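# Structure assessment
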Amino acid sequence: WHDFGSIATPALLAPTMGALFPRVRMRPRFAFGSMLGSAVVGGAWLIAGKLAGGSYPLGLEPIYPGLFMSITIVAMDRLTRARAGR
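One structure accompanies this document, and this report is about it. (Residues numbered from 1 in each chain as written. Predicted model: local features only at pLDDT ≥ 70, side-chain atom pairs only at ≥ 80, totals over all residues. Heavy atoms only, no water.)

Now for the overall build of the protein chain. When its secondary structure is counted, the protein chain shows 3 helices and 0 strands. Projected onto the principal axes, the alpha-carbon positions of the protein chain cover approximately 50 × 25 × 15 Å. For the protein chain, the residues scored as buried account for 30% of the 86 residues in total. Total accessible area on the protein chain stands at roughly 5,700 Å², and carbon and sulfur atoms take up 73% of it. (Helix = DSSP H or I, 4+ residues; strand = E, 2+ residues; numbered from the N terminus. Buried < 20%, exposed > 50% of the residue type's maximum accessible area, 1.4 Å probe, protein only. Areas by Shrake-Rupley, 256 points an atom, 1.4 Å probe, with all protein chains shown as cover.)

The subject of this paragraph is the packing of aromatic side chains. Under the criterion given, the structure shown has 1 aromatic pair. For the ring pair Trp1 and Phe4, a centre distance of 6.1 Å and an interplane angle of 85° mean the geometry is edge-to-face. With a relative accessible area of 87%, Trp1 lands in the exposed category. (Phe/Tyr/Trp six-rings, centres within 6.5 Å; stacked < 30°, edge-to-face > 60°.)

Everything listed here is a matter of geometry and, on its own, says nothing about what the molecule does.
Structure (structure tokens):
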């Protein structure tokens with residue numbers, strides 16, 4: 001459950017926050033990219049840790065790089081929306 005939560009939480013957190021708070025709401029393609037990108041980063045981090053004998057890269061649990069990826073995509077959506085004037 002720990003491994004599943006480390007991948008699913010970052011994938012679902014930003015789109016769920018966007019559904020609850022209009023200020024964080026993302027366009028659909030960015031929401032999909034956030035879900036996919038954060039799950040891939042978290043999964044890769046998890047696999048890298050398992051291959052290294054249980055020691056995650058940089059000592060970080062997989063949830064943190066996944067959340068970083070998700071927040072980065074939310075920021076990209078906001079920046080491109082601001083540049084487009086919407």
